[in-house]
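Residue-level structural notes
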Amino acid sequence: MMFLQMPPARCIPIICVFSLFLVGKAARYEPDWASLDTRPLPKWYDEAKIGIFIHWGVFSVPSFGEFSEWFWYWWRSARRTEHVAFMKKNYPPDFKYTDFAKDFHAEFFNPDAWADIFKASGARYVVFTSKHHEGFTNWPSPVSWNWNSVDIGPHRNLVGELAAAVRKKSLRLGLYHSLYEWYHPLYLMDKASGFKSQYFVAMKTLPELVDLVMTYKPDLIWSDGDWEAEDTYWNATHFLAWLYNDSPIKDEVITNDRWGKSCHCKHGGYYNCADRYSPSTIPDHKWEKCQTIDTHSWGYRREMVLKELMNLPSIIKDMVTVVSMGGNFLLNIGPMSNGMIAPVFEERLRGLGAWLDINGEAIYASNVWRVQTENGTVDFRYTARNGTVYAIFFGDFPFILKLTTPKTSVATKVTLLDYPDKPLKWEPLTQSAGLLILMPVMPPSPGNSWTLKLEGVA
């Protein structure tokens, strides 16, 4: 296998990349953060609330160890004891990481079946790994010769197939893309120069981003791998100015905040800030928490055990907490190298969707209420939508429920979303606020959480 060798005819020279930023109508946004950060976030994203994250690549073949998507780095650079031992035990001494690609068969990959699961989960958008830090592209990138899913491994355009499948289910398409690659020679050359040269950006990163935009027209670009260099090295503001002004997705596309090591939680579209970001107070900017069902990895691990996975109640509570604080919830799975989604992941996703079928009106297109929770014997999160307040509670189902925050009126009506046509009996707790609610008898819930709809409260 010839790794990362790019024939001159397929390379995109620097002048071709930057010429893309000079065509079209006059720019509405300038290539600087002061201008780009004024762009309003397209409203579909805030209304969607829930997405599915998918980490899939050559790393799915060894599928071993904590954060398995970093396998190459753990083995080659960090020389982690467990990874070195794993390779010594299972592979010959001359085995190279790039040899894993030929075993990335994806023989059971059925994009329509995947899309069916994602639709059933209640998610409104899907973010798929187009390229992780290993550099392997899941589409026929013209600047990743012989290190892509068409030239080797599956011999299929994984991005293209999944894009078509999720759109048939009316889901939004997001594409994860790593700006950097651990061992690409051009990146290593730029890094050695202190990032004073930009060969990798001009010949690899920007051509790939532009190709993804022009070919697949994603609704969301989830950038990553930016933390070793500033946004000026990545030419991030120039790319985003083109994206927002002249690209075919300029009106609907969403971006995150990973465009340079000083950008996190400061610049970009919505803020990721950090993996599993969990703010203690409501951020003043739209944000997203990416969370993974396997608490030890984003990519698939063959050695994972049940106790290391989030169960359905913990997923729902995490999601509700995020939404109550104005965030979106991006839930990750790692498919197997053969293209199968582990049944335990599918179970979690379908369980989430079943809960949302009943309780979704408290989640989708909801807003932050004046409080998010309150002290008491029952654990609550509040959301609001169109003047209605929702109290989502977790744990054991109570016989009588006390809420101390809502201010009631003669028009107050309380229902449980499981039985929306049956108003519940209630009485005011005090003259100023609060109410006691007589709850119905309920069977056990797999999600261990329920939603009260409070109309006519303030």
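Quick look at the structure, then.

Conventions we followed
Residues numbered from 1 in each chain as written. Predicted model: local features only at pLDDT ≥ 70, side-chain atom pairs only at ≥ 80, totals over all residues. Heavy atoms only, no water. Helix = DSSP H or I, 4+ residues; strand = E, 2+ residues; numbered from the N terminus. Contact = heavy atoms within 4.5 Å. Salt bridge = Lys/Arg side-chain N within 4 Å of Asp/Glu carboxyl O. Buried < 20%, exposed > 50% of the residue type's maximum accessible area, 1.4 Å probe, protein only. Core = buried A, V, L, I, M, F, W, Y, C linked by side-chain atoms within 4.5 Å. Pairing = 2+ DSSP bridges. Axes fitted to C-alpha atoms, helices over the stretch in contact; angles between N-to-C directions.

Tracing the backbone shows T237 in helix α11 (residues 236-245). With near-sequence residues (within four places) excluded, T237 lies in contact with P31, D32, W33, L36 and D231.

A few words on the pattern of salt bridges. Opposite charge on two side chains lets them pair, provided their charged atoms get close. Here the structure, examined in full by the defined rule, presents 27 salt bridges. D219 is the partner of R172 in a salt bridge, and the nearest nitrogen-oxygen pair spans 3.1 Å. Remark: D219 occurs in the loop between α9 (199-216) and β4 (220-224) and R172 occurs in strand β3 (residues 172-178); sequence separation between them is 47 residues. With relative accessibility at 25%, the residue R172 sits in the partly exposed group.

Right, let's talk about the nonpolar core for a bit. Considering soluble globular proteins, one finds that nonpolar side chains tend to be buried as a cluster. Ranked by internal contacts, the top residues of the largest apolar core, which has 108 residues, are I54, F118, W234, F239, L243, W259 and M319. When neighbours within four sequence positions are excluded, W259 is seen to be in contact with W33, L179, L209, I221, S223, D226, D231, W234, A236, F239 and L240. By size, the runner-up hydrophobic cluster in this structure holds 22 residues, among which are F380, V414, L416 and V457.

Bringing the environment of A48 into the picture now. By the secondary structure assignment, A48 is in helix α3 (residues 43-48). Judged by its relative accessible area of 4%, A48 is buried. In contact with A48, other than residues within four places in its own chain, are R124, Y125 and Y364.

A few words now on the sheet that holds strand β13 (residues 435-438). Taken in spatial order, the three strands of this open sheet run β10-β13-β12, and their pairing is antiparallel. At either margin of the open sheet sits one strand with a lone partner, and together these are β10 (400-403) and β12 (426-428). The sheet shows a mean angle of 15 degrees between the axes of neighbouring strands, taken without regard to direction. In the sheet, β10 pairs with β13 via four bridges, with the strands oriented antiparallel. Bridge pairing links I400 to L438 in β13.

Taken by themselves, the reported measurements are silent on function.
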